[in-house]
Every structure is written in structure tokens, then in C-alpha cells.
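As a plain string of letters, each chain reads:
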Amino acid sequence: MIRTKAEILVNQEIAPGHFKVVLKLEDFSEPIRAGQFFHIRAGSDYDPLLRRPISVHRTGPTPDIVEILYKVVGKGTRLMSRRSKNTYLDAIGPLGNGFKVPKSQSNFILIAGGMGVAPLVGLCEELAKFRKRSITVIIGAKTKDCVTCKREFKDLGAEVIVVTDDGSEGEKGVSTDMLEPALKQFDLRKDGSSPYTTKDTAQITIGDYCPEVGIYACGPTAMLKAVAKIAKYHRIQTQASLEERMGCGIGACLGCVVKTRTGYKRVCKDGPVFDLEDLIW
Ligand SMILES: Cc1cc2nc3c(=O)[nH]c(=O)nc-3n(C[C@H](O)[C@H](O)[C@H](O)COP(=O)(O)OP(=O)(O)OC[C@H]3O[C@@H](n4cnc5c(N)ncnc54)[C@H](O)[C@@H]3O)c2cc1C
Ligand code: FES
């Protein structure tokens with residue numbers, strides 16, 4: 001983790017209120033794992049005082065090039081959106097743990113709500129390179145205009161399912177509505193019975209006979225709670241990146257703690273990625 005000057009090479013609005021930024025980090029050669037983030041000073045001075053956490057969206061082609069993707073929601077992100085090319089952001093990172101994909105997994109479901117897509121593209125790139133058997137990505141967005149990264153996921157060979165609140169693209173609903181249907185592809189029982197139609201579903205679940213499936217989630221808390229419920233029912237290992245508000249970003253202020261089965265944990269330092277079954281909501 002280092003503090004670095006990050007030159008803005010590109011700051012482009014790719015959808016209304018959604019910006020993709022390409023940064024060149026000065027003297028930077030640290031490895032970055034999908035799911036890690038940078039803590040960024042949004043303005044050119046100390047207003048706003050607190051940095052804003054933004055996930056690494058993609059890396060490369062050299063270690064000092066990092067892409068981020070953000071949505072304008074308030075003062076900090078609005079200021080960032082107005083920063084022009086060839087100016088510098090003050091960034092600390094890479095921070096946090098990132099996703100850790102177990103060797104046993106080879107089929108993946110990535111599920112995103114809103115800007116949760118940002119870190120999942122980097123994860124999908126890693127999975128596509130090293131592990132892929134199947135990758136299904138569920139993108140949930142408010143409207144068609146807010147659907148981003150579909151092309152990136154498809155280019156990586158993933159099957160993409162889009163869900164919008166108003167049905168203006170893909171299915172109408174929320175991303176978690178599509179999680180159970182997406183899991184059906186792993187229902188491999190030979191007798192044709194399905195955990196979705198039989199009464200003994202509590203006895204045998206997808207996770208029991210298809211342990212190589214992993215779910216990776218990023219999005220608002222309500223979405224993650226719904227994912228946790230489905231994942232628990234099917235006993236499928238699930239990791240989620242949490243979008244907690246942050247102060248210091250480096251584990252010092254305890255402003256970002258969440259309750260887990262092994263005590264309180266700092267999202268910035270111990271996360272932002274957690275096994276969903278460890279979280280106590
Ligand atoms: C580890 C991590 C990674 C993140 N990665 C991304 C990313 O890749 N792209 C992206 O667009 N956003 C990301 N976020 C969220 C981003 O940090 C906030 O949107 C940003 O800090 C808002 O700053 P602001 O000054 O624009 O808004 P503020 O003026 O601070 O807040 C505006 C509104 O947004 C809400 N808000 C602010 N911060 C958060 C938050 N962390 N979670 C939920 N609601 C919030 C506030 O409650 C308020 O309603 C990430 C958050 C975390 C913790
Ligand atoms: S933001 Fe300070 S401990 Fe996490």
C-alpha cells in the first residue's frame with residue numbers, strides 16, 4: 001500500500017452520471033488483486049476532507065495503469081467527474097484484501113447491483129484467464145441507461161443476464177431475482193428432480209453435489225442480504241465486497257466495522273471482501 005500521485009489519462013462519461021477513469025500511478029509497481037480499492041482524495045485540496053473509496057475496475061497493460069469506474073452520487077464523486085485529463089489525484093492503495101478464489105471452484109456466478117459491477121470486471125478477467133469453466137454474470141441496474149460493463153463481461157466469455165428495476169433492458173426486477181434461475185444450470189441430479197420443485201429441498205442442495213460453484217457479489221446491503229439467504233439455502237460458498245462508508249481507509253479509525261461470527265471487522269482492512277456466511281447482519 002502506498003500513497004501515490006495518479007495522473008488522469010482519461011475521465012470519460014460512459015453512461016449518464018457514470019465515469020470511467022484511467023489512471024497512471026507514479027512509481028507504482030505493486031500487484032493488485034481484484035476487489036482491492038484505492039482511497040482517493042476527490043478534490044485538489046482538503047475539501048471534502050475524507051477520501052473516497054473506489055474499487056479497482058481493471059488493471060494493465062503495465063502495473064502502473066489502473067482503471068476505476070464510478071457513479072456520481074455526491075460531492076466527492078461530482079468533484080472527481082470534473083477533474084480533467086493530465087491533472088493528478090492523490091490516491092492511497094491498493095487497499096483491502098480482494099477476492100480469493102478457492103482452487104476447487106471452476107463455475108462462477110458474479111452478481112452485481114448498481115456500481116457493484118466495477119470490481120467484478122477485474123475478477124472476471126482473472127477467472128477467464130485461469131479458471132474458467134463457466135461464468136455467469138447478473139447485472140442489476142435501475143434503468144437501461146445505467147447498465148454498464150455488459151460488453152466487457154461478454155468479451156471475457158461470460159453469459160450475461162441483465163435485470164432492470166423498470167424492465168427497460170433485460171428482465172424486470174432486481175438482480176437477486178435471477179440468482180436462483182442462474183443456479184439451475186448446476187442442478188445435475190440424474191433423476192431429473194429439482195431442488196426447486198421437490199419437497200425435500202432442505203436435504204440436498206446444489207452446494208452439496210456441485211461444490212465447484214462459487215458466487216461473487218458486490219452491491220448494496222439489501223442485495224447482499226438477499227444473496228446471503230439464497231447462498232445459505234443452497235450451501236454455496238459466497239464472497240461479497242461491502243460498500244461501507246469509510247473514514248481513514250487503513251484500519252485506524254474503526255469507522256467501517258461490521259459484525260462477523262469472529263467479532264467486529266474493519267471493512268477497509270479486513271475486507272472489503274468477506275465470506276457472506278461470516279457476516280451477522
Ligand atoms: C470498498 C469500496 C469500494 C467502492 N467502489 C466503488 C466503485 O468502484 N465505484 C463507485 O461508484 N462507488 C464505489 N464505492 C462507493 C463510493 O465510495 C461512494 O459512492 C462515494 O464515497 C460517495 O462519495 P460522494 O462524496 O460522492 O458522496 P457523499 O456526498 O459522501 O454521499 C452521497 C450519497 O451516497 C451515499 N454513500 C456515500 N458513500 C457510500 C458508500 N460507501 N456506500 C453506500 N452509499 C454511500 C450517502 O449515504 C449519500 O446518500 C465503493 C465503496 C467502498 C466501501
Ligand atoms: S475506515 Fe478507518 S478503520 Fe476502516
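Residues numbered from 1 in each chain as written. Chains lettered and ligands numbered in written order. Predicted model: local features only at pLDDT ≥ 70, side-chain atom pairs only at ≥ 80, totals over all residues. Heavy atoms only, no water.

A separate point is the site of ligand 1. As a matter of local geometry, ligand 1 sits amid 21 residues, with R52, P53, G76, T77 and R245 nearest to it. Contacts to ligand 1 include G76, whose backbone N or O atom sits 2.7 Å from an oxygen atom. Contact between ligand 1 and E244: a nitrogen atom at 3.3 Å from a main-chain N or O atom of the residue. Bound to the protein, ligand 1 loses 76% of the 870 Å² it would expose on its own. Those elements giving two or more residues to the shell around ligand 1 turn out to be β4 (52-55), β6 (65-71) and α1 (75-81). Partitioning the shell around ligand 1 into residue classes produces eleven nonpolar, four polar and six charged. Residue assignment places the shell around ligand 1 across two domains, with domain 1 (2-95) and domain 2 (107-278) each supplying three or more. (Near = heavy atom within 4 Å. Polar contact = N/O pair within 3.5 Å; in protein donor to acceptor, adjacent residues only side chain to side chain. Areas by Shrake-Rupley, 256 points an atom, 1.4 Å probe, with all protein chains shown as cover. Helix = DSSP H or I, 4+ residues; strand = E, 2+ residues; numbered from the N terminus. Nonpolar A, V, L, I, M, F, W, Y, C, P; charged D, E, K, R; others polar. Domains from an automatic or database assignment.)

Helix length check: helix α2 (residues 117-130), at 14 residues, gives a terminal C-alpha distance of 20 Å against a target of 20 Å (1.5 Å per residue), a fit within 8%. Counting buried positions along α2 gives ten out of 14 residues, so the element sits mostly inside the fold. When α2 is considered as a whole, its buried residues turn out to be V117, A118, P119, L120, V121, G122, L123, C124, E125 and L127. (Expected span 1.5 Å × (residues − 1). Buried < 20%, exposed > 50% of the residue type's maximum accessible area, 1.4 Å probe, protein only.)

This part takes up the domain arrangement of the protein. Parsing the protein into structural domains produces domain 1 (2-95) and domain 2 (107-278). One C-alpha centre belongs to domain 1, the other to domain 2; they are set 24 Å apart. Contacts between domain 1 and domain 2 engage 21 residues on the former and 23 residues on the latter. Counting across the interface, domain 1 meets domain 2 through two salt bridges. The interface formed by domain 1 and domain 2 includes six residue pairs in polar contact (both at pLDDT 80 or more). Contributing elements (two or more residues each) for the side of domain 1 that touches domain 2: β1 (2-15), β2 (18-25), β3 (37-41), β4 and β6. The element that contributes the greatest number of residues to the side of domain 1 that touches domain 2 is β6, accounting for three residues. (Contact = heavy atoms within 4.5 Å. Salt bridge = Lys/Arg side-chain N within 4 Å of Asp/Glu carboxyl O.)

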